[in-house]
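Report on the structure
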Amino acid sequence: MAERAPSIVILTGAGISRESGLATFRDADGIWAKLRIEDVATPEAFARDPVRVHAFYNARRAQLRDAAVQPNAAHRALAELDARWPGELLLVTQNVDDLHDRAGSRRLLHMHGELMKARCLHCGAVRPWAQDLATATPCPACGRAGGMRPHVVWFGEMPLEMERIGEALEGCGLFVAIGTSAQVYPAAGFVAEVAGRARTVELNLEPSAATGHFDEAIHGPATELVPRFVEDLLRRWG
Ligand code: BV8
């Protein structure tokens, strides 16, 4: 009897969007080389200086609206895998950009939230938001001003849908990490959670902090590695 296609969990990070023109966080030209996490990516920073935090996210949201920023071959390969994989599959991204969504991935979860959404602190409503956001912006749901924030997960905040991620990790037979330096938890700890019961593969430009946990680590640009990896998977199981 043909072997069942394994359930796959894919974790992506900023490296998969690098070749679409979006900066990563920890590369030499990365976001944290110019700004401090404590100043722009924590709830304390937002309480202390909401104008500065909104400016940080408004600049990144404006970059996403730039027609030059498009999903690349790696995003598109993962969307094809999503469409054709006969088994269970979940793409968990740490990225807040919308390139996986625009590439067509459906079984997709943004564990650190989404840049193109805003959340109201007064009523909790989450709405699509592609333009600038300011504290004075009234919430489209409850009408109150002063409570709109980017719908992203800051340091010290709980990532989204952790239960659903835990279930997917529990049952997966293949775990693939793509374009992440494995410096941010809990995402960086996923590979250790599945090691021993799933085949684990790292596709990254260079070895990550967690490379030693992976059965296989292939290094190079995502737009080269990911289409080839997907092709091999679909040839065997598709
Ligand atoms: C939590 C959204 C607990 C916002 C992000 C002290 C106080 C509080 C918390 C902590 C603490 N100490 C430690 C922690 C935990 C903390 C943490 O891990 N800190 C680190 C810095 C030590 N984690 C948290 O706070 C998390 N929450 O722990 O909650 C809790 C428990 C109970 C109740 C309440 C709370 C929340 C973390 C989420 C923070 N938000 N982003 C925004 O985007 O502005 S994290 C941010 O880092 C992004 O999401 C990013 O995706 C993520 C990880 O970075 P990477 O994606 O890996 O990107 P990076 O640049 O690092 O690496 C890129 C890689 O790509 C490199 O390896 C490079 O080689 C490769 N690459 C480059 N080019 C290419 C490529 N690969 C392939 N092809 C290429 N072309």
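One structure accompanies this document, and this report is about it. (Residues numbered from 1 in each chain as written. Predicted model: local features only at pLDDT ≥ 70, side-chain atom pairs only at ≥ 80, totals over all residues. Heavy atoms only, no water.)

1. Description of the nonpolar core
Put simply, the rule reads: We define the nonpolar core as a collection of buried residues of types Ala, Val, Leu, Ile, Met, Phe, Trp, Tyr and Cys that are connected through side-chain atoms lying within 4.5 Å of one another. Three labels apply to residues, based on accessible area from a 1.4 Å probe with only protein chains included: buried if under 20% of the type maximum, exposed if over 50%, partly exposed otherwise in between. Helix and strand labels come from DSSP, where a helix needs a run of H or I of at least four residues and a strand needs a run of E of at least two; each type is numbered from the N terminus. Residue contacts follow a heavy-atom distance rule, with two residues in contact if any of their heavy atoms lie within 4.5 Å.
Counting 25 residues, the largest nonpolar core has Ile10, Leu81, Trp85, Ile178 and Val226 as its most contacted members. If you tally residues by element for this core, the top one is helix H8 (residues 222-237), at 8 residues. Residues within four places of Ile10 in sequence aside, it is in contact with Leu78, Leu81, Leu89, Leu90, Leu91, Val92, Val176 and Ile178. In this structure, Val9, Leu169, Phe175 and Ala210 belong to the second largest nonpolar core, which totals 21 residues.

2. Considerations on empty space enclosed by the protein
Put simply, the test is: Cavities and pockets are defined on a 1 Å grid built over the protein atoms alone: a cavity is a set of grid points where a 1.4 Å probe fits but cannot escape, while a pocket is an open set with protein on both sides within 12 Å along at least five of seven lines, and lining residues are those with an atom within 4 Å of any such point. Grid points are joined across faces, edges and corners, and a volume is the space filled by probe spheres set on the points. Gly is placed with the polar residues, together with every amino acid not listed as nonpolar (Ala, Val, Leu, Ile, Met, Phe, Trp, Tyr, Cys and Pro) or charged (Asp, Glu, Lys and Arg).
For the structure on display, the rule yields 2 cavities of 30 Å³ or more. Of the voids in this model, the largest cavity is the one considered here, and its volume is about 90 Å³. In this structure, the largest cavity is lined by 14 residues; those nearest its centre are Leu11, Ala177, Thr180, Ala182 and Phe214. Of the residues contributing to the lining of the largest cavity, the split by class is 10 nonpolar, 3 polar and 1 charged. A volume near 40 Å³ is recorded for the second largest cavity. Around the second largest cavity, the lining residues are Ile8, Ile10, Leu78, Leu81, Val176, Ile178, Leu203, Phe229 and Leu233. Of all elements in the fold, only strand S1 (8-12), helix H4 (73-84), strand S7 (174-178) and H8 reach the threshold of two or more residues within the lining of the second largest cavity. For the lining of the second largest cavity, the per-class residue count stands at 9 nonpolar, no polar and no charged.

3. Focus on the packing of H4 against H8
The test is simple: Structural elements are reduced to axes, namely lines fitted to C-alpha atoms, with helices fitted over the stretch in contact, and the angle between N-to-C directions of any two is expressed from 0 to 180 degrees. Just so you know how the angles are binned, under 35 degrees is roughly parallel, over 145 roughly antiparallel, 65 to 115 roughly perpendicular, and the rest oblique. Less than a right angle of anticlockwise turn of the near helix away from the far helix marks a crossing as left-handed, whereas a clockwise turn marks it as right-handed.
With their axes 7 Å apart at the nearest point, H4 and H8 run at an angle of 15° to one another. Here H4 is positioned roughly parallel relative to H8, judged by the angle of their axes. Note that H4 runs across H8; the crossing there is left-handed. The segment H4 lies against H8, with Ala73, Ala74, Ala77, Leu78, Glu80, Leu81 and Arg84 engaging Ala222, Thr223, Val226, Pro227, Val230, Leu233 and Leu234. Class assignment of the residues belonging to the contact of H4 with H8 gives a composition of 11 nonpolar, 1 polar and 2 charged.

Purely spatial values, then, with no claim about function.
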